Amino acid sequence: MTLLTCDSGKPYRVIALAGGQHFQLRLRNLGLAEGKLVVKTAKHPFGGPVTIRVEQTELALGHGMAERIVLEEAQ
Amino acid sequence: MKRVLLVGNPNVGKSAIFSRLTGIHASVSNYPGTTVTYKTGCAKIGDETFEVVDTPGTYSLDWTNEAEKVTSDLLDSGHIVINVLDATNLERNLLMTMQLLERGVPLIVGLNMFDDAQHKGIHIDVPRLAEYLRVPVVPVVGISGFGIKDLAQQIAGFAERVERQDAFTSIHQHSPSEKWADIGEIVGRVQNLEHRHHTFLERLQDASTHPAGGLAFAVFVLLVSFAVVRAIGEGLISLVLDPVFEGAYKPILVRLSGTLASKPFLHHLLIGKLVDGDIDFVQAMGMLTTGLYVPLAMVLPYILAFYLVLSIMEDIGYLPRLGVLLDALMHKIGMHGFCVIPMLLGLGCNVPGILATRSLETKRQRFIASTLISIGVPCVSLQAMVFKLVGDHGLGYVVWVYAFLAAVILVLGAILRRLIKGVLPELILEIPPYRLPGFRATCHKLFYRCRGFIYEAIPLVLLGVLLVNILDYIGIFEFCASVTAPVVSRIWGLPQEAILPLAMGFLRKDIAAGLLVPLSLSLPQLMTASVLLSLSFPCIATFAILFSELGWRNTLKSIGIMVLSAIVFGGLARVLFAALAS
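Residues numbered from 1 in each chain as written. Chains lettered and ligands numbered in written order. Predicted model: local features only at pLDDT ≥ 70, side-chain atom pairs only at ≥ 80, totals over all residues. Heavy atoms only, no water.

Draft legend 1. Molecular detail of the sheet that holds strand S7 (residues 137–139) of chain B. All names here are of chain B. Judged by pairing direction, the sheet is mixed, and its six strands sit side by side in the order S2-S3-S1-S4-S5-S7 without closing on themselves. Two strands bound the open sheet, and with one partner strand each, they are strand S2 (39–45) and S7. Each adjacent strand pair in this sheet contributes to an overall mean axis angle of 25 degrees, direction not counted. Pairing geometry for strand S5 (residues 107–112) and S7, over three bridges, is parallel. Looking at the pairing, Gly110 lines up with Val138 of S7. On top of the sheet, helix H3 (residues 90–103) reaches strand S1 (2–8), strand S4 (80–86) and S5; it is set at about 165 degrees to S4, its chief contact. (Pairing = 2+ DSSP bridges. Helix = DSSP H or I, 4+ residues; strand = E, 2+ residues; numbered from the N terminus. Axes fitted to C-alpha atoms, helices over the stretch in contact; angles between N-to-C directions. Contact = heavy atoms within 4.5 Å.)

Pasting the structure below:
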């Protein structure tokens, strides 16, 4: 499951950032690293961004990026 | 002089601390990317003076855009580095602290927004954090000034230790996963979270980024802003400035006009042409009449009103949310959602708008954004005049001028996106929490923006008036007007003398619009001319910034696009507005 397909409002754990080194680096710098808990807050229509909450940060990520962030359900 | 660098993540409040340390104004807002270039100032602490440098925010020392590169390049030049952290977001912020420690720079940590963290129920054990990091940690609140004295003392004490070479604590190089594990452990030990119920601001926060609700909210915000700017602007003009100019200033000018009667050239230059024996401040075109009236009594009230509303929106943290909402639309015109911020800043003045594009990742995006701003985004000086000239016929017509320019941006953006090859990076944007604007900070910013306008605009307006008079005296206009007549008259449907205001737009857009008044244009002609003043050649200040930001090649390209779109869209505007007004 990816950030694009997961449900809003539920906690998930990041298991992989499926992209190049630059992509991974930028996301990790923003606090979105493997093992972190994320909650999707909204998905915007027409290929718009996905907004998420990681710890105390709220982030907006492009559609295609959200697709490359692999999640699993958090217990 | 020892150099102190302020570094840290975007939107943690480095500029607020810089202002407190140096007493120099630095623009502070609540969105990532307010500072795009470094700023230096001096701070006197005890007997020693330090050079303090405010740097653009960066998430890491490996830069990803122009603004971040500035910081990375500066880092080794600092004798002392102050890493500013957002206390409400400790974990994410500590990543950069770790990188700085790995690099072994002499470091002090400033824990900013400490009050905000406490309100949110985030308690941080400061001595313990200092113990783990092995560097001084000072809690501060940049906006209110809390803790700045402690920070200054640390800087002074630290400077001595740097000299003795015992201020360098460096740690071993971590792998990325090790770093997060270490940070997680530190945060777990020093931070204590208390559960709080959602506040009103937090609820508003979620509602205003909600896809449907957010859009409705955005339209509401836009309409309210428009109404407030108009009400404050018009209120100031009719209640304060017009009475001052007409009641107090005019009698002095009338007396001066009498004494200058024997010196026609000087009279022409200072007072200008009398209309029916009376001084008409807009039409006279004298340096003491129109030259002062236009910037001070017509534009300044709108500058004040516009920047008041913009400053409040910036400080609350609304702008990044607009970016998220409009991201999908912006992709259609070759940019991503963040570009909404430079465009809104461009509505004040194109120059800061174009500078703000430095936070964009690619050159292609910067080129498209800068070009679209200088073509389709009218600055507030021009808008104030359009409000007056077109608004006198009905506010609905002003809305049409805006709608036309918005349509130009969309159409031209869609064309440029296809013409210019390159990839469009996706949006990655941190959305800051809503914060209540600090009264002092907001007033400060407003004051500096208004002062900036007065200092920069008035000399140029006076120069413009002088030039118009001299050119008029030499009689060079008739020649120019006849050369450009085919475009001005045939395509745009304006009298051929309209080339004077359009050309004067290169100096200042406000005085250029003022020059339209004596031409007694019809309503559709006025609307077309207003649109053309925005579309055609940028003013000299915008031109200079385009040149320095894009380089001469791309500036030439950009100008080519401007000239072409002025001809095409100007012609379209003529047809559309003629149909509209009939």
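Draft legend 2. Spotlight on the domain arrangement of chain B. All names here are of chain B. Here chain B is described as being made up of domain 1 (2–193) and domain 2 (213–432 + 441–581). For domain 1 versus domain 2, the separation of C-alpha centres amounts to 40 Å. Domain 1 puts 20 residues into the contact, and the matching count from domain 2 is 24 residues. Buried area between domain 1 and domain 2, summed over both chains or domains, comes out near 1,600 Å², and the portion from carbon and sulfur atoms is 53%. Three residues, His25, Asn30 and Tyr31, lead the burial of domain 1 against domain 2; their summed loss comes to 38% of the area buried on that side. Our enumeration of links across domain 1 and domain 2 arrives at one salt bridge. Glu430 is the partner of Arg92 in a salt bridge, and the nearest nitrogen-oxygen pair spans 3.3 Å. The residue inventory of the side of domain 1 that touches domain 2, partitioned by class, reads eight nonpolar, 10 polar and two charged. (Domains from an automatic or database assignment. Buried area = accessible area lost by both parts, 1.4 Å probe. Salt bridge = Lys/Arg side-chain N within 4 Å of Asp/Glu carboxyl O. Nonpolar A, V, L, I, M, F, W, Y, C, P; charged D, E, K, R; others polar.)

Draft legend 3. Just the interface of chain B and chain A, in detail. If you look at the interface, chain B gives 32 residues, while chain A gives 31 residues. For the pair chain B and chain A, the summed buried surface comes to about 2,600 Å²; carbon and sulfur atoms form 56% of the total. Of all residues in chain B, Trp180, Glu426 and Ile428 of chain B give up the largest surface area on contact with chain A, accounting jointly for 24% of the area buried on that side. In this structure, the connection of chain B to chain A is made through two salt bridges.

Draft legend 4. Structural detail: the pattern of salt bridges. All names here are of chain B. The final tally for this structure, using the stated rule, is 23 salt bridges over all chains. The residue Glu185 makes a salt bridge to Arg189 at a minimum N-O spacing of 3.5 Å. A residue pair is termed a helical-turn pair when its members lie 3 or 4 positions apart in one helix, as Glu185 and Arg189 do in helix H7 (residues 176–190) at four residues. Classification of Arg189 as partly exposed rests on a relative accessible area of 45%. Taking the shortest distance from any N to any O, the salt bridge between Asp510 and Arg508 comes out at 2.8 Å. Classification of Asp510 as buried rests on a relative accessible area of 0%. For Arg508, a relative accessible area of 13% corresponds to the buried category. Shared partners join several salt bridges into a network, and the residues in it are Glu314, Asp315, Lys445 and Arg449. (Buried < 20%, exposed > 50% of the residue type's maximum accessible area, 1.4 Å probe, protein only.)

Draft legend 5. Inspection of a nonpolar patch on the surface at higher detail. Residue and element names in this part refer to chain B. Where nonpolar side chains cluster on the molecular surface, the patch consists of Ile491, Phe537, Val563, Leu564, Ile567, Val568 and Leu572 and spans about 570 Å² of accessible area. At five residues, the largest contribution of residues to the nonpolar patch is made by helix H23 (residues 540–581). Among the secondary structure elements, Phe537 is positioned in the loop between helix H22 (523–535) and H23. The partly exposed category is assigned to Phe537, whose relative accessible area is 33%. (Patch = residues over 30% accessible without salt bridge, like charges linked within 9 Å, V, L, I, M, F, W, Y side chains within 5 Å. Areas by Shrake-Rupley, 256 points an atom, 1.4 Å probe, with all protein chains shown as cover.)

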